[in-house]
Structure formats: C-alpha cells, structure tokens
Amino acid sequence: MSMSSIQEQVARYGYVTEAVADDLDLIAEINRLKKEKNAVILAHYYVDGAIQDIADYIGDSLGLSQQAAATPADMIVFCGVHFMGETAKVLSPNKKVVIPDLNAGCSLADSAPADKFAAFKAQYPDHLVISYINCSAEIKALTDIVCTSSNALQIVNSLPKDQKIIFAPDANLGRYVAHKTGRDLVLWDGACIVHIDISREKLQKLREENPDALLIAHPECKEDILLQADFVSSTTGLLKFVQEYPHDKFIVATEAGILHKMKESVPHKKLIPAPATDNNTCACSECPYMKMNTLEKLYNALLYEQPEIIVPENTRLKAYASVARMLELSKGI
Ligand code: 13P
Ligand code: SF4
C-alpha cells in the first residue's frame, strides 16, 4: 500500500482503514513492530483492556505526560484521545507521535474553541489561566499553567491567595477545586460527557442496595456526586485507593475502563461501576472516544506511522511553557 493512499485514508476517515488479515497474530505483530521501530505504546486507563494489556505504560493524564516527556523511544503510539497525543508532541517534538484514530476527541477539549476562549480570557486581563490538560494545544498556548485531576489542587494552592484565576475548561473540576481550596475561580463552562452522565437516581438506588460500599468518584463528576463521595481523586488516585484502603466494596464513579486494572490488582474486592443515565449494555459509563482505540487501528498506526500528530511550532512553544510549568510543579507526584 503506497504512503499517499494511506494518507488519503487518514484524511478521509481519520485513521488507516486497511483491513488486517484475519489470521494475523495482532499482539505478536504489534510487539514485533514496536521493537523494530523503537516505539513505545502509552495507554490511558479508559481504553479497552486488550490495549492496556499490550501497552508499555498505562496511566492517567499526568503519568502519561510524564512518560511522554521522558521516553527514549523514537516513536510514541498514544492510545487515548487526541489532546493526549498532542500533549506528547508538545513535550517531545523530535519524536514521531501517532494515535490510532484522529476522531478520538474529547467533549472538554471541544467545549473550548481557541477564538472564543481568547475573547473570554481578554475579559479578565489580571487573571492567570489554569487549564485542565483536556484541551487543545491552542488552548494550552493561551494558558499559564496546565493541570490534571492529579495535581489541580496542588497547583492552585501553589499560587498566592490573592492571585485571580481563570480555570478552564472543566467547570465541574473547577467547582471542586474552588470548594477544596476556598478560592473564587472564574470558570469556563465545559464538561465531560461521560462523567456528567452518571445517573443520580440509579446511583442512589445502587447505594441503597449496597450500603456497605464506599463511593469513590473522579472530580469531573457533577457536584452532588462529589459531595456524597467518600473519596475523590484522579484515575490513578482511585486505583491506588481501592488497592490500599482496607475496605472490600466500592462503587466507582468514573469511566469503566479503570475497572480493568482495579479488578486485576484487587480481584478479591467487589467493584461496582456507577450507572450511566443510558440503559447501555455495560450499565456503566464509557467514553465513546477512548473506545475508538482498537487493536487493529493500533497495529495499522504502528505499521504505517499514521495518523501522525503535528503541532505548529509557534503553538507548540507556547503550549510547552504551560505544560512544562505543570510538570515542574508536579515533581514528586
Ligand atoms: P485523569 O486521567 O486525569 O484521571 O482524567 C480522566 C479523563 O477523563 C481523561 O480524559
Ligand atoms: Fe474527554 Fe470525558 Fe472522554 Fe476523558 S472521559 S476523554 S474527559 S470525554
């Protein structure tokens, strides 16, 4: 297959659509290509278990950016969503960064178009901008410090009490940070479609049926869920909590992909995913973007080195400053 027709497929569909032979041992081939090309596979906890199992590193947004900044590999294959691949490219401009499917977006990143955000920011000239990493490179370029759900409290607390702050784009995380730090943050009104879709009524029923379960939640959830949660943290924080906290039953209010690692590491504990509003087949919350990553698309991305993430250098340099500031402030996390 010629490179120009592969690029045509990517331009038209967002990923390499070449059919993979039925009898191909995908796992063995992915491992072979990875070695041959000195590539590293980074995967977020929300992607399918089969991809997590083959990844070199699985993590939350902070862990993945730390890995992307430090890896000695020549190529990064990022199994997550678009802004994660972009962040990896911002941090490692000399490496080739590919993602299995360019369509894997994020409702939070989509909620903040750069032109509208620039106009919003202009209304608050004396405010510093803290942006959740779930945003485009253009938004990162308009940002002073990036944060993730692992370090948002620490980063806000590192600033002087009288520092005025815009927090974007997740209003739920922003409200949580404002509540925890006692700060008055100016919020951009974005949300994660997955976490806000957890059903209050179904969760209430589930808690009544399981009064002995602790409720643990990701801070992208709505305020009423966070207020009743026994523990709130990032994806990695939730995983560590079920591993370390001496309790056997948890209701997990976040994307269900994290249950793969949780079940693997604490098979004796009972883990119940919080229910989504939709009566979907898994009766849980799944990110449709994360689930666009498949083993076939991962294989094609490695083989053809497409779709490649490209970030214009002027945007990259400005975005780099805000991400690097986050990494600096997160040493030790
Ligand atoms: P963390 O990886 O920071 O837990 O955020 C979860 C998420 O929604 C990633 O898109
Ligand atoms: Fe974006 Fe939510 Fe999906 Fe994370 S889970 S990628 S925040 S839509």
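Residues numbered from 1 in each chain as written. Chains lettered and ligands numbered in written order. Predicted model: local features only at pLDDT ≥ 70, side-chain atom pairs only at ≥ 80, totals over all residues. Heavy atoms only, no water.

Observations concerning the site of ligand 1
Point 1. Taken together, 13 residues lie near ligand 1, and His44, Ser61, Ser149, His218 and Thr235 sit nearest.
Point 2. Measuring from an oxygen atom of ligand 1, one finds a backbone N or O atom of Ser61 at 2.8 Å.
Point 3. Residue Asn134 places a side-chain N or O atom 3.1 Å away from an oxygen atom belonging to ligand 1.
Point 4. In isolation ligand 1 offers 300 Å² of accessible surface; the protein chains occlude 96% of this area.
Point 5. Each residue belonging to the shell around ligand 1 can be placed in one class, and the counts come to four nonpolar, seven polar and two charged. (Near = heavy atom within 4 Å. Polar contact = N/O pair within 3.5 Å; in protein donor to acceptor, adjacent residues only side chain to side chain. Areas by Shrake-Rupley, 256 points an atom, 1.4 Å probe, with all protein chains shown as cover. Nonpolar A, V, L, I, M, F, W, Y, C, P; charged D, E, K, R; others polar.)

A look at the UniProt feature "binding site: iminosuccinate" (unreviewed entry) in the protein chain
Point 1. According to UniProt, the "binding site: iminosuccinate" (unreviewed entry) feature falls on His44, Ser61, Tyr132, Ile133, Asn134, Ser149, His218, Pro219, Glu220 and Thr235.
Point 2. You can call His44 buried: its relative accessible area is 2%.
Point 3. What His44 contacts, discounting residues up to four positions off in sequence, is Gln52, Ile58, Gly59, Asp60, Ser61, Leu64, Cys79, Gly80, Met84, Thr235 and Met290.
Point 4. Counting through the fold element by element, Pro219 comes out in the loop between strand E9 (214-217) and helix H12 (223-228).
Point 5. Excluding its chain neighbours within four sequence positions, the residues that come into contact with Pro219 are Ser149, Asn172, Leu173, Tyr176, Leu226, Val232, Ser233 and Ser234. (UniProt positions renumbered as here; feature names shortened; annotations may be inferred. Buried < 20%, exposed > 50% of the residue type's maximum accessible area, 1.4 Å probe, protein only. Contact = heavy atoms within 4.5 Å. Helix = DSSP H or I, 4+ residues; strand = E, 2+ residues; numbered from the N terminus.)

Considering the sheet that holds strand E11 (residues 249-253)
Point 1. In spatial order, the strands read E10-E9-E11-E12; together these four strands make up an open sheet with parallel pairing. Because the sheet does not close on itself, it has two edges, and the strands there are strand E10 (231-232) and strand E12 (270-273).
Point 2. Judged from the four bridges that link them, E9 and E11 form a sheet pairing that is parallel. The partner of Leu215 across the bridge, within E11, is Ile251. (Pairing = 2+ DSSP bridges.)

Quick word on the nonpolar core
Point 1. In terms of nonpolar packing, the biggest core is built from 103 residues, with Ile130, Met262, Leu298 and Met326 touching the most fellow members.
Point 2. Counting residues in hydrophobic clusters, the runner-up holds 10 residues, among them Val129, Ile139, Ala168 and Trp188. (Core = buried A, V, L, I, M, F, W, Y, C linked by side-chain atoms within 4.5 Å.)

Observations regarding the sheet that holds strand E4 (residues 96-98)
Point 1. Taken in spatial order, the four strands of this open sheet run E2-E1-E3-E4, and their pairing is parallel. Since the sheet does not close on itself, it has two edges, and those belong to strand E2 (57-59) and E4, each with one partner. Direction aside, the axes of adjacent strands within the sheet are offset by 20° on average.
Point 2. Summarising the sheet, strand E1 (residues 39-44) and E2 pair through three bridges and their orientation is parallel. (Axes fitted to C-alpha atoms, helices over the stretch in contact; angles between N-to-C directions.)

A closer look at the side chain of Ser131
Point 1. Following the sequence through the fold, Ser131 ends up in strand E5 (residues 128-132).
Point 2. Taking the relative accessible area as the measure of exposure, Ser131 reaches 0% and is therefore buried.
Point 3. A polar contact is formed between the side chain of Ser131 and the side chain of Thr143, at a distance of 2.7 Å.
Point 4. Apart from the residues within four sequence positions on either side, Ser131 is in contact with Ile139, Thr143, Ile145, Val146, Cys147 and Ala168.

With respect to the site of ligand 2
Point 1. Around ligand 2 sit Tyr46, Val81, Cys106, Ser107, Leu108, Asn134, Cys192, Val194, Glu220, Cys287, Tyr289 and Met290, and that is every residue in its neighbourhood.
Point 2. The class makeup of the residues in the shell around ligand 2 is nine nonpolar, two polar and one charged.

Quick look at the UniProt feature "binding site: [4Fe-4S] cluster" (unreviewed entry) in the protein chain
Point 1. Residues annotated in UniProt with the feature "binding site: [4Fe-4S] cluster" (unreviewed entry) correspond here to Cys106, Cys192 and Cys287. Taking the farthest pair of C-alpha atoms as the criterion, the annotated set spanning 182 residues converges on one region, since that pair is 9.2 Å apart.
Point 2. Structurally, Cys106 can be placed in the loop between E4 and helix H6 (107-110).
Point 3. Under the relative-accessibility criterion, Cys106 is labelled buried at 10%.
Point 4. Beyond its immediate sequence surroundings of up to four residues, Cys106 is in contact with Val81, Phe83, Asn134 and Tyr289.
Point 5. Mapped onto the elements of the fold, Cys287 is located in the loop between E12 and helix H15 (295-304).
Point 6. If near-sequence neighbours (up to four positions away) are discounted, Cys287 is found in contact with Val194 and Glu255.

A word on the packing of aromatic side chains
Point 1. Tallied over the full model, the rule gives seven aromatic pairs.
Point 2. When the centroid spacing of 5.4 Å and the interplanar angle of 70° are considered together, the rings of Phe117 and Trp188 count as edge-to-face. Of the two residues, Phe117 is situated in helix H7 (residues 114-122) and Trp188 in the loop between strand E8 (186-187) and helix H11 (200-209); the sequence distance between them amounts to 71 residues. Just as Phe117 is buried, Trp188 falls in that class too.
Point 3. Between Phe120 and Trp188, the ring centres sit 5.0 Å apart and the planes meet at 85°, which makes this aromatic pair edge-to-face. One end of the pair, Phe120, is in helix H7; the other, Trp188, is in the loop between E8 and H11, with 68 residues separating them in the sequence.
Point 4. Owing to a relative accessible area of 15%, Phe120 belongs among the buried residues under this scheme.
Point 5. Feature note: the residues Phe117, Phe120, Tyr124 and Trp188 constitute an aromatic cluster, connected by ring pairs.
Point 6. A cation sits over an aromatic face here: Lys297 above Tyr15, 4.4 Å from the ring centre. (Phe/Tyr/Trp six-rings, centres within 6.5 Å; stacked < 30°, edge-to-face > 60°. Lys NZ or Arg CZ within 6 Å of the ring centre and 35° of its normal.)

Things to note about H15
Point 1. Counting buried positions over the 10 residues of H15 gives eight, a clear majority of the element.
Point 2. All of the buried residues in H15 are Leu295, Lys297, Leu298, Tyr299, Asn300, Ala301, Leu302 and Tyr304.
Point 3. Taken together, the buried residues of H15 touch helix H1 (3-13), helix H2 (26-36), E1, helix H3 (49-54), strand E3 (75-79) and E4.
Point 4. Looking at the residues trailing H15, positive phi occurs at Glu305, about 55°.

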